[in-house]
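# A closer look at the structure
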Amino acid sequence: MTTAKSSYPVPVADLLPQARHLVTQLGRTPSRNQLMAELRIGAPKAREILDRLADEQPVQASNPAGLHVVTDPAPAETEPTETHEDESAEPEHEAAETEQPSESAPTPAEKSEPVGEVGSEPITVGADPAKPTDKQAVRPVAVWPVMLLALPAFVAIWSGWVGLGQLTGFGIVHPLPGIADGFAINTAITLPIGVETYAAYALRVWLSGQVPARARRFAKYSALGSLALGALGQIAFHLMKAAGMTSAPWLITAAVACLPVAVLGMGAGLAHLIKDTHREVQQ
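What counts and how
- Residues numbered from 1 in each chain as written.
- Predicted model: local features only at pLDDT ≥ 70, side-chain atom pairs only at ≥ 80, totals over all residues.
- Heavy atoms only, no water.
- Helix = DSSP H or I, 4+ residues; strand = E, 2+ residues; numbered from the N terminus.
- Buried < 20%, exposed > 50% of the residue type's maximum accessible area, 1.4 Å probe, protein only.
- Contact = heavy atoms within 4.5 Å.
- Areas by Shrake-Rupley, 256 points an atom, 1.4 Å probe, with all protein chains shown as cover.
- Expected span 1.5 Å × (residues − 1).
- Salt bridge = Lys/Arg side-chain N within 4 Å of Asp/Glu carboxyl O.
- Polar contact = N/O pair within 3.5 Å; in protein donor to acceptor, adjacent residues only side chain to side chain.
- pLDDT = per-residue confidence, 0-100.
- Patch = residues over 30% accessible without salt bridge, like charges linked within 9 Å, V, L, I, M, F, W, Y side chains within 5 Å.
- Bend = angle between axes of the 7 residues up to and from the residue.
- Axes fitted to C-alpha atoms, helices over the stretch in contact; angles between N-to-C directions.
- Parallel < 35°, antiparallel > 145°, perpendicular 65-115°, else oblique.
- Left-handed = near helix turned anticlockwise from the far one by under 90°.
- Nonpolar A, V, L, I, M, F, W, Y, C, P; charged D, E, K, R; others polar.

Helix and strand counts for the chain come out as 9 helices and 2 strands. If you list the helices and strands of the chain from N to C, you get α-α-α-α-α-α-β-β-α-α-α. Considering the chain as a whole, with its 283 residues, one finds that 26% of them fall into the buried category. Of all intrachain contacts in the chain linking residues separated by at least 6 positions in sequence, the fraction that spans at least 24 positions is 67%. In the structure as shown, the chain presents an accessible area of about 20500 Å², 62% of it carried by carbon and sulfur atoms.

Put into C-alpha cells, the structure is as follows:
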C-alpha cells in the first residue's frame, strides 16, 4: 500500500485510514519505520500517527497460542514523497534505524522438557580375598623364624667343616711371622665361611631377578655346586669320624685343599658379571 506522490504534505487525518488498514493487515501496531516505508512519510508524522493509533485502539489480549503473521516490510525508497522543510530537517540516523521484530515468548508447550539421564549403577567386581587392596597395609613376611631354624644347621655345618679341615691338614698357623708372632688363626674355619657364605650369596643373586641372564645363570650353577660340595664335605667328615680315622685320604685332602681357591674364583667371577651389568646399564 503506497500513496500517490504529491508536492503537498498529506495531513495526518488522511493518513490514519491507511494506518488502520495496515494495523489490520499486520495484526499489530506497525513500527515507526514500517509507517515511514508504507505511507512515504517522515519520522515526526509517523510518531504522531502512532500516538493516535495508541489512543484509538485498546490493548488487545495476547494471542494464547503466541502466533501471528509476520510479513516482510517493503524496502523503503530513498526518495521522500514530502519535501517540506520540517520533515527534511530530520537526522539521517533516525531513517536508518532497523526494525526490531517482536518475537512472542514461547509457550510452555513449546519449551522442550529436559530428558532426564538414566543413571546406571556402577558395576562392582568382587575383590579377590587373596589379593590385598590398596588400603590394606601389606605386612612383610617375618624372617626371624628362618634364622631360628637355620641356627642349628649352621652349628652342625660349622663343626663339620672345621673337623674336616683338621683331618685334611688345616689347623693353627701364624700368618704374620716376625710381625706378630703371637697372632695365630685356625685355618679350618675358612672352609665354612668360604663355601657356605658364597652359596648363600649366590642364591640371593640367582633368585633376586635383578641381574641379567648371564650373571643369573652363573650364580645359579655356582650356588648349586657350592651346596653340593658342602653336602659332600659333611658326608666325608662324618664317615671318617665314624670310622675313627685321624687323617683323610689324599684324594679328599686334595679336594678340600682346592676349595678356597674355587670359592675365590667363583666369587670373583660373579662380582665381575654383576659389575659389568651395572656398566652396561649406565652406558
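Between its first and last C-alpha, helix 7 (residues 190–208) extends 27 Å over 19 residues, near the 27 Å set by a 1.5 Å rise per residue. Of all the positions in helix 7, only Leu 191, Pro 192, Gly 194, Val 195, Glu 196, Tyr 198, Ala 199, Ala 202 and Val 205 are classed as buried. Gly 209 lies just past helix 7 and shows a positive phi near 75°.

This part covers unusual backbone geometry. Unlike most non-glycine residues, Arg 40 shows phi in positive territory, near 60°. Summarising the element assignment, Arg 40 is placed in the loop between helix 2 (32–39) and helix 3 (43–56). Arg 40 gets classed as buried once you look at its relative accessible area, which sits at 15%.

In the structure shown here, the tally under the stated rule is 1 salt bridge. Measuring nitrogen to oxygen at the nearest pair gives 3.3 Å for the salt bridge that ties Glu 48 to Arg 52. You can see Glu 48 and its partner Arg 52 sitting in helix 3, 4 residues apart, about one turn around the helix.

Another aspect to go through is the side chain of Ser 222. Residue position: Ser 222 is located in helix 8 (residues 213–242). When its relative accessible area of 5% is taken as the criterion, Ser 222 is described as buried. Within the local environment of Ser 222, its side chain forms a polar contact with the side chain of Tyr 198, the two groups lying 2.8 Å apart. If we skip the residues at most four places from it in the chain, Ser 222 touches Tyr 198, Ala 202 and Met 266.

The subject of this paragraph is the confidence of the model for the chain. Confidence in the prediction of the chain, expressed as mean pLDDT, is 76, and 66% of residues score 70 or more. Mean pLDDT across the elements of the chain ranges from a minimum in helix 4 (residues 85–88), with 45, to a maximum in helix 8, with 93. Throughout residues 78–118 the model reports pLDDT below 50, and contacts reaching past four residues in sequence, or to other chains, amount to 36 contacts.

With that settled, the discussion passes to a nonpolar patch on the surface. A grouping of Val 173, Leu 176, Ile 179, Phe 183 and Ile 185 is seen on the molecular surface, where their side chains present a nonpolar patch of about 440 Å² in accessible area. Of the residues examined, Val 173 reaches a relative accessible area of 34% and is grouped as partly exposed.

Attention now moves to helix 6 (residues 144–167). Taking 1.5 Å per residue, 24 residues should reach 34 Å; helix 6 reaches 35 Å between its end C-alpha atoms and fits that length. The axis of helix 6 is deflected most strongly, by about 30°, at Ala 150, and proline Pro 152 appears within four residues downstream. Taken together, the buried positions of helix 6 are occupied by Gly 160, Trp 161, Val 162, Gly 163, Leu 164, Gly 165 and Leu 167. Positive phi shows up at Gly 169, right after helix 6, with a value of about 100°.

Before going further, it helps to spend a moment on the side chain of Thr 168. For Thr 168, the position within the fold is in the loop between helix 6 and strand 1 (172–173). Among the polar contacts made by the side chain of Thr 168, one reaches the main-chain carbonyl oxygen of Gly 165 at a distance of 3.2 Å. Apart from residues lying up to four places away in sequence, Thr 168 is in contact with Ala 248, Ile 252, Thr 253 and Val 256.

The next point concerns the packing of helix 6 against helix 8. Where helix 6 meets helix 8, the closest approach of the two axes is 9 Å, and the angle between their N-to-C directions is 65°. Between helix 6 and helix 8, the crossing angle belongs to the class labelled roughly perpendicular. Crossing of helix 6 against helix 8: the hand is left-handed. Within the contact between the two elements, helix 6 uses Ala 156, Ile 157, Ser 159, Gly 160, Trp 161, Gly 163, Leu 164 and Leu 167 and helix 8 uses Leu 229, Gly 230, Gly 233, Gln 234, Phe 237 and Met 240. Looking at side-chain class alone, the contact of helix 6 with helix 8 contains 8 nonpolar, 6 polar and no charged residues.

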